[in-house]
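Descriptive structure summary
Spelled out, the chains give:
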Amino acid sequence: MSRVIKTKLIGAGGQVLHIDLTEFDGRVFFTTDLHGHYDLLHEQLKQVAFDSSRDILILGGDNCDRGPDSQYVLDYLNEPWIYSIRGNHEQMVVEYIEALASGDYMDVRTIYHLLYTNGGEWFFDISDGHQMRIYETFKALPLSIELLTPTEKIGIIHAEVPYNNWNEFKKLTQAEIGFNGAAVAQWARSIYDRQQEVFVSGVDKLLVGHTPTESGEVEVLGNIHYCDLGSFFRDKISFVQLM
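My aim in this report is to walk through the structure given alongside it, one point at a time. Here the structure is a predicted model, which means the values were calculated and not measured.

Attention now moves to the environment of Tyr76. Assignment of secondary structure puts Tyr76 in helix α2 (residues 73-77). Other than its neighbours up to four places away in sequence, Tyr76 contacts Tyr38, Leu41, His42 and Ile82.

As structure tokens, then:
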């Protein structure tokens with residue numbers, strides 16, 4: 001029974017990957033903001049004796065940039081035992097390629113600068129074909145994941161949930177996501193910066209990354225678990241067992 005995993009895209013704009021684990025008896029782990037530091041991931045997998053034939057790993061986005069091995073990101077995202085959402089660093093790659101395709105070179109220059117200065121210089125050193133394969137994979141990543149376990153519903157998003165309401169977030173249309181929903185989901189950090197104890201409704205707990213915690217450990221405010229430990233300046237990642 002351990003490999004019974006049911007997945008489907010839900011939400012008015014298809015922004016949520018729903019993963020039903022109620023009949024899954026393997027282990028489930030979560031980490032986020034690897035930023036190309038896959039050596040840190042390998043250390044954690046080894047420590048827990050991760051078994052890819054029965055366990056799964058959820059990634060909270062920002063799998064590349066700033067780290068030494070970002071060009072190998074597809075070696076991980078293409079593994080059948082890994083599920084990932086799209087963080088703001090994946091989004092920058094998507095927007096750069098789409099700006100090139102549109103011929104809007106003002107946008108190209110702006111996004112190039114944003115990506116390059118945020119650790120994405122590696123992307124411009126790989127072949128066009130490799131760039132396109134990465135773009136296609138990043139574009140296909142969901143904005144969020146909803147995990148249904150035998151005991152709880154867990155939301156996973158890179159930064160913040162619009163309206164602090166998971167069910168309202170799922171009602172957002174593609175147009176609303178494009179207008180502001182994705183920006184909040186991938187870039188916002190005001191709740192943590194203000195140290196607010198927010199309870200996001202519609203989920204039992206929410207796992208996020210994006211903003212490195214001040215303590216260098218997973219921090220919990222309300223029902224939000226802040227799991228970015230600053231891989232690119234602390235050489236450290238979170239590794240949370242969910243099941």
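Here the narrative resumes.
Attention shifts here to the pattern of salt bridges. Per the stated rule, a full pass over the model turns up 7 salt bridges. As a salt-bridge pair, Glu23 and Lys6 come within 3.1 Å of each other at their nearest N and O atoms. Highlighted residues: Glu23 in the loop between β2 (16-20) and β3 (28-31) and Lys6 in strand β1 (residues 6-10), separated in sequence by 17 residues. Taking relative accessible area as the criterion, Glu23 reaches 34% and is therefore assigned partly exposed. The class for Lys6 is partly exposed, based on a relative accessible area of 41%. Between Arg27 and Asp55 there is a salt bridge; the shortest N-O distance is 2.8 Å. With a gap of 28 residues between them, Arg27 in the loop between β2 and β3 and Asp55 in the loop between α1 (38-47) and β4 (56-59) connect regions that are remote in the sequence.

Moving on, we come to the nonpolar core. Judged by nonpolar contacts, the single largest core of 34 residues is most densely connected at Leu41, Leu57, Val73, Phe123, Ile134 and Phe138. Broken down by secondary-structure element, the contributors of at least two residues to this core are α1, β4, α2, α3 (88-102), α4 (105-120) and α5 (128-140). With 6 residues, the single largest contributor to this core is α3. For Leu41, the residues in contact, after removing those within four places along its chain, are Thr31, Leu34, Leu57, Tyr76, Ile237 and Phe239. Judged by nonpolar contacts, the second largest core, of 21 residues, contains Phe169, Val198, Val203 and Leu206.

Moving on, we get to the environment of Glu160. Mapping Glu160 onto the fold places it in the loop between β7 (153-157) and α6 (166-170). C-alpha of Glu160 to C-alpha of Leu207: the two residues are 47 residues apart in sequence and 9.5 Å apart in space. Side-chain polar atoms of Glu160 contact the backbone nitrogen of Ser190, separated by 2.9 Å. A polar contact is formed between the side chain of Glu160 and the backbone nitrogen of Ile191, at a distance of 2.9 Å.

Another point: the packing of α3 against α4. Interhelical geometry of α3 versus α4 gives an angle of 150° and a closest axis separation of 9 Å. Between α3 and α4, the angle is such that the two are roughly antiparallel. Note on packing geometry: the crossing formed by α3 with α4 is left-handed. On α4, the residues that touch His89, Met92, Val93, Glu95, Tyr96, Ala99 and Leu100 of α3 are Tyr105, Asp107, Val108, Ile111, Tyr112, Leu114, Leu115 and Asn118. Split into classes, the residues belonging to the contact of α3 with α4 amount to 11 nonpolar, 2 polar and 2 charged.

Each value, and the rule that gives it
Residues numbered from 1 in each chain as written. Predicted model: local features only at pLDDT ≥ 70, side-chain atom pairs only at ≥ 80, totals over all residues. Heavy atoms only, no water. Helix = DSSP H or I, 4+ residues; strand = E, 2+ residues; numbered from the N terminus. Contact = heavy atoms within 4.5 Å. Salt bridge = Lys/Arg side-chain N within 4 Å of Asp/Glu carboxyl O. Buried < 20%, exposed > 50% of the residue type's maximum accessible area, 1.4 Å probe, protein only. Core = buried A, V, L, I, M, F, W, Y, C linked by side-chain atoms within 4.5 Å. Polar contact = N/O pair within 3.5 Å; in protein donor to acceptor, adjacent residues only side chain to side chain. Axes fitted to C-alpha atoms, helices over the stretch in contact; angles between N-to-C directions. Parallel < 35°, antiparallel > 145°, perpendicular 65-115°, else oblique. Left-handed = near helix turned anticlockwise from the far one by under 90°. Nonpolar A, V, L, I, M, F, W, Y, C, P; charged D, E, K, R; others polar.

As far as function goes, none of this settles anything; it's purely spatial.
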